[in-house]
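Remarks on the overall topology
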Amino acid sequence: FDKAAQDYKKCLNLEPSNIKAIFRLGHLYFRQNQYQKAIPYFSKTIKLNKKFAPAHYFLGVANYNINRKRQAKMNLRNASKLGSEKAKKFLNKNF
């Protein structure tokens, strides 16, 4: 985990708008249950590409896991509108 995070951060130092590196760094933190650290990376991914459904989905789940349910619902609805089946299932199960 630490090595991968360092590599993505190095990449972002060279290319601050590298959407793949931004999203993957957020996903690394997400997989470590470090939701507070993951959220800014998913948010930045969305700023760079508003139609990237996985970023909306993971932002929603991260917000849900830190008890920001209203924000989570909005993020997951956005992901669902963009075609994310995972988001639809998560919404149906949890809201």
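Bear in mind that the values here come from a model prediction, so they are computed numbers and not experimental data.

Cut-off values and rules
- Along each chain, residue indices are assigned from 1 in the same order as the chain's sequence is written.
- With pLDDT at 70 or above as the cut-off, local features in this predicted model cover only qualifying residues; side-chain atom pairs require 80 or more to be listed or tallied, and sums for whole chains, interfaces and linings still use all residues.
- Derived side-chain values reflect all non-hydrogen atoms in the structure, with water molecules and hydrogen atoms excluded from consideration.
- Elements are defined by DSSP. Helices are runs of H or I of four residues or more, strands are runs of E of two residues or more, and each kind is numbered from the N terminus.
- Helix span is expected to be 1.5 Å times the residue number reduced by one.
- What makes two residues a contact is simply this: any of their non-hydrogen atoms within 4.5 Å.
- Between buried and exposed lies partly exposed: a residue is buried under 20% and exposed over 50% of the maximum accessible area for its type, with that area taken using a 1.4 Å probe on protein chains only.
- With axes taken as lines fitted to C-alpha atoms, and helix axes fitted only over the stretch in contact, angles between N-to-C directions fall between 0 and 180 degrees.
- Should an angle fall under 35 degrees it is taken as roughly parallel, and over 145 as roughly antiparallel, whereas 65 to 115 is taken as roughly perpendicular and any remaining angle as oblique.
- Two helices cross in a left-handed way if the nearer one is turned anticlockwise from the farther one by less than a right angle. They cross in a right-handed way if the turn is clockwise.
- Classes in brief: Ala, Val, Leu, Ile, Met, Phe, Trp, Tyr, Cys and Pro nonpolar; Asp, Glu, Lys and Arg charged; the others, Gly included, polar.
- Residues grouped as a nonpolar core are buried Ala, Val, Leu, Ile, Met, Phe, Trp, Tyr and Cys residues, joined through side-chain atoms within 4.5 Å.
- Any Lys or Arg side-chain nitrogen located within 4 Å of an Asp or Glu carboxyl oxygen qualifies as a salt bridge.

For helix α5 (residues 69-81), with 13 residues, the first-to-last C-alpha span of 18 Å sits near the 18 Å given by 1.5 Å per residue. Looking at the buried positions of α5, the neighbouring elements they touch are α4 (53-65) and α6 (85-94). Positive backbone phi, at 100°, marks Gly83, one or two positions downstream of α5.

Turning next to unusual backbone geometry. Although it is not a glycine, Asn33 adopts a positive phi angle of roughly 60°. One can find Asn33 in the loop between α2 (19-31) and α3 (35-48). The exposure class of Asn33 is exposed, given its relative accessible area of 53%. Even without being glycine, Asn67 reaches a positive phi, approximately 70°. With respect to the secondary-structure elements, Asn67 resides in the loop between α4 and α5.

A few words now on the packing of α2 against α3. Packing of α2 against α3 leaves a shortest axis separation of 8 Å and a crossing angle of 155°. Overall, the two elements α2 and α3 adopt an arrangement that is roughly antiparallel. Considering how the two elements wind past one another, α2 and α3 form a crossing that is left-handed. Of α3, the residues touching α2 (which contributes Ile19, Ile22, Phe23, Leu25, Gly26, His27, Tyr29 and Phe30) are Tyr35, Lys37, Ala38, Tyr41, Phe42, Lys44, Thr45 and Leu48. Its residues assigned to classes, the contact of α2 with α3 shows 11 nonpolar, three polar and two charged.

Mapped onto the fold, Lys51 is located in the loop between α3 and α4. For Lys51, a relative accessible area of 68% puts it in the exposed group. Sequence separation between Lys51 and Phe23 is 28 residues; the distance between their C-alpha atoms is 13 Å.

The next thing to look at is the nonpolar core. Ranked by internal contacts, the top residues of the largest apolar core, which has 27 residues, are Phe30, Phe42, Tyr57 and Leu76. When residues of this core are traced back to their parent elements, those giving at least two are α1 (2-14), α2, α3, α4, α5 and α6. Not counting the four nearest positions on each side in its chain, Leu76 is found in contact with His56, Tyr57, Gly60, Val61, Ala87, Phe90, Leu91 and Phe95.

Structurally, Arg68 can be placed in the loop between α4 and α5. Not counting residues up to four positions away in its chain, the partners in contact with Arg68 are Gln36, Ile39 and Asn63.

Summed over all chains, the structure comprises two salt bridges. Note that Asp7 and Lys3 form a salt bridge whose closest N and O atoms lie 2.9 Å from each other. Residue Asp7 and its partner Lys3 are both found in helix α1; the two are separated by four residues, about one turn of the helix. Judged by its relative accessible area of 34%, Asp7 is partly exposed.

Read these as spatial facts, not as claims about activity.
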